[in-house]
Amino acid sequence: MSTVLGEFLDALFASFRNPGANQDRTDRLMDLYVEHIGTFDDTVLRAAKAHIIRTRKDPFLPTIAEVVEVCEHARSGKLIDLIDPEGAKKRADFVRNLRVIGGSTPPHIGPVED
């Protein structure tokens, strides 16, 4: 398992409740997540993780289908997401690192001043 995939799963399990509380079910769920999202590259996983943690309101872990769908949207550029969170040191860097639907800046961000 890649480091980024491990960080992705750690973030999910830290942010959401696991409906299957016993360890065997948790281990199996982890294996299924790895099996189904382990083929996405690191950039996609980072964007998907950020999107899920910021937008999911359900307190339980997302289904594998939900995670795969978010990863596919991230891969195709359909998410408004920070692609490289480690590079966002100031507001201008944050905006430069956004991938935005249609290539425009969302109105809530406003103009960037260097």
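Predicted model, so just to flag it, every value in this text is computed and none were measured. (Residues numbered from 1 in each chain as written. Predicted model: local features only at pLDDT ≥ 70, side-chain atom pairs only at ≥ 80, totals over all residues. Heavy atoms only, no water.)

1. Things to note about the side chain of Thr26
Along the chain, the position of Thr26 falls in helix H2 (residues 23-37). Looking at Thr26, the relative accessible area reads 14%, which means it is buried. Within the structure, Thr26 has its side chain in polar contact with the side chain of Asn18 (distance 2.7 Å). (Helix = DSSP H or I, 4+ residues; strand = E, 2+ residues; numbered from the N terminus. Buried < 20%, exposed > 50% of the residue type's maximum accessible area, 1.4 Å probe, protein only. Polar contact = N/O pair within 3.5 Å; in protein donor to acceptor, adjacent residues only side chain to side chain.)

2. Remarks on the pattern of salt bridges
One pass over the structure, following the stated rule, counts 2 salt bridges. Taking the shortest distance from any N to any O, the salt bridge between Glu66 and Arg56 comes out at 3.2 Å. Taken together, the positions of Glu66 in helix H4 (residues 64-76) and Arg56 in the loop between helix H3 (42-55) and H4 put the pair 10 residues apart, joining distant regions of the chain. Connected via shared salt-bridge partners are Arg56, Asp58 and Glu66. (Salt bridge = Lys/Arg side-chain N within 4 Å of Asp/Glu carboxyl O.)

3. Concerning the environment of Cys71
Of note, Cys71 is situated in helix H4. Since its relative accessible area comes to 0%, Cys71 is described here as buried. The spatial distance from the C-alpha of Cys71 to the C-alpha of Arg46 is 9.3 Å, given a sequence separation of 25 residues. Filtering out sequence-adjacent residues up to four positions away, Cys71 remains in contact with Ile37, Phe40, Val44, Leu45 and Ala48. (Contact = heavy atoms within 4.5 Å.)

4. Regarding the packing of aromatic side chains
Inspection of every chain in the model, using the stated rule, returns 1 aromatic pair. Between Phe13 and Tyr33 the ring centres are 6.2 Å apart and the planes differ by 85 degrees, which places this aromatic pair in the edge-to-face class. Of this pair, Phe13 sits in helix H1 (residues 3-15) while Tyr33 sits in helix H2, and the two are 20 residues apart along the sequence. One Lys or Arg, Arg17, reaches over the ring of Phe60 and ends 5.0 Å from the middle of that ring. Geometry around Phe16 places Arg56 over its ring, the cationic atom sitting 5.8 Å from the centre. (Phe/Tyr/Trp six-rings, centres within 6.5 Å; stacked < 30°, edge-to-face > 60°. Lys NZ or Arg CZ within 6 Å of the ring centre and 35° of its normal.)

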